[in-house]
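# Observations on chain architecture
Here is what each chain is made of, one letter per residue.
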Amino acid sequence: MAQFCGPDRLRFAERGREMAGSGFVGRVGQVLSGMFLTRPEPLLMLSLALLVGQPAQALQKTSFLQPVRYVVAPQGARQLCSDNSWACSVSPRARQISRADLAAIDQVNRTVNRQTRSIADIIQFQEEENWSLPTSRGGDCEDFALLKKRELIRLGYPAQALLIATVLDKKRRGHAVLVVRTETGDLVLDNLTNSIKKWSETGYIFLRMQDPRTPSKWVSVATAY
């Protein structure tokens, strides 16, 4: 089974900044995000993980991830659209993905997970972040997500319903997944498991994802965690 992509302190700090609005929680999030960049002690990591698990405002859980505002794309994704235009495309005559499509989507998820070896960008490219399709050596979590997106587009599913998202996993480490926007809600395709889950059942903290209307742009997301 593929391993996680690795810790990403900037994503912790980013989440703190997203929370830094009005109110006490926002101010604490702002302070912790600044501290985390210079003092990544385990206790501080735990404190921030617990804090981001409590939103500043009560949010009702929904079946869909809720875009909040446009944000800068993840560092590794900033050349994504120029290198792989299909990854940022909008399919014409888009149709909704239904329950009847889940068997084919599950097959793609399992096939990519089984056939792709996990290898970190730093080992393969000598870079911390390099978002690309897996090579013959394999790829990391973003590469798994990209390959699944490409294969599903080839099967005729709308590109704008296949959205790459960055998250903090259950151990609050940086990770990336593919969000499949169906007619009943957002499902998650993950290289850490063959199980396809609703986004709200993953236990992940969602940070940002491709904008469903304009996948070349990225949005922060509001969750109920």
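Residues numbered from 1 in each chain as written. Predicted model: local features only at pLDDT ≥ 70, side-chain atom pairs only at ≥ 80, totals over all residues. Heavy atoms only, no water.

### Focus: the overall build of the protein
Applied cut-off: Runs of E in the DSSP output that reach at least two residues are strands. Runs of H or I that reach at least four are helices, and both are numbered from the N terminus. Relative accessible area decides the class of each residue, using a 1.4 Å probe on protein chains only: under 20% of the type maximum gives buried, over 50% gives exposed, and in between gives partly exposed.
Regarding its fold elements, the protein presents seven helices and seven strands. Along the protein, from the amino end to the carboxyl end, the secondary structure elements read α-α-α-β-α-α-α-α-β-β-β-β-β-β. Out of the 225 residues belonging to the protein, those deemed buried represent 47%.

### Thoughts on the packing of helix α5 (residues 102-115) against helix α7 (residues 141-154)
Heads up, the rule is: Only the contacting stretch of a helix is used when fitting its axis, a line to C-alpha atoms as for every element, and angles between N-to-C directions run 0 to 180 degrees. To sort the angles, those under 35 degrees are grouped as roughly parallel, those over 145 as roughly antiparallel, those from 65 to 115 as roughly perpendicular, and the leftovers as oblique. Two helices cross in a left-handed way if the nearer one is turned anticlockwise from the farther one by less than a right angle. They cross in a right-handed way if the turn is clockwise. Two residues form a contact once any of their heavy atoms are found within 4.5 Å. Under the scheme applied, nonpolar residues are Ala, Val, Leu, Ile, Met, Phe, Trp, Tyr, Cys and Pro; charged residues are Asp, Glu, Lys and Arg; polar residues are all the others, including Gly.
Running from N to C, α5 and α7 cross one another at 140°; their axes reach a closest spacing of 10 Å. On the basis of the axis angle, α5 is oblique to α7. Considering the relative orientation of α5 and α7, their crossing is right-handed. Every residue of α7 that contacts α5 at Ile105, Val108, Asn109, Val112 and Asn113 is listed here: Phe144, Leu147, Lys148, Glu151 and Leu152. Across the contact of α5 with α7, the residue classes break down as six nonpolar, two polar and two charged.

### So, the state of the cysteines
Short version of the rule: In this description, a disulfide is simply a cysteine sulfur pair whose atoms lie within 2.5 Å.
The tally for this structure, following the rule as stated, stands at one disulfide. Here Cys81 pairs with Cys88 through a disulfide, and the sulfurs are 2.0 Å apart. In this structure the cystine formed by Cys81 and Cys88 twists about its S-S bond by roughly -85°; its chirality is therefore left-handed. Among the residues examined, Cys88 registers a relative accessible area of 12% and is labelled buried.

### Some remarks on the nonpolar core
Rule in force here: Residue types Ala, Val, Leu, Ile, Met, Phe, Trp, Tyr and Cys, when buried and joined through side-chain atoms within 4.5 Å, form a set referred to as a nonpolar core.
Counting 23 residues, the largest nonpolar core has Leu80, Leu152 and Ile164 as the members making the most contacts within it. Residue assignment for this core shows that the elements contributing at least two residues are α5, α7, β2 (162-168) and β3 (174-181). If one sorts the elements of this core by residue count, α7 sits on top with five residues. The residues contacting Leu80, other than those within four sequence positions of it, are Ser85, Ala87, Cys88, Trp131, Leu146 and Ile164. Counting 13 residues, the second-largest nonpolar core is a separate cluster that includes Leu65, Leu163, Val179 and Phe206.

### A closer look at the pattern of salt bridges
Quick note on the threshold: One speaks of a salt bridge when a side-chain nitrogen belonging to Lys or Arg is within 4 Å of a carboxyl oxygen belonging to Asp or Glu.
Applying the stated rule across the entire model yields seven salt bridges. Of the charged contacts in the structure, one is a salt bridge between Asp106 and Arg110, with a shortest N-O distance of 3.0 Å. With Asp106 and Arg110 both in helix α5 and four residues apart, this pair spans about one turn of that helix. For Asp106, a relative accessible area of 24% translates into the label partly exposed. Connected via shared salt-bridge partners are Arg150, Glu151 and Arg154.

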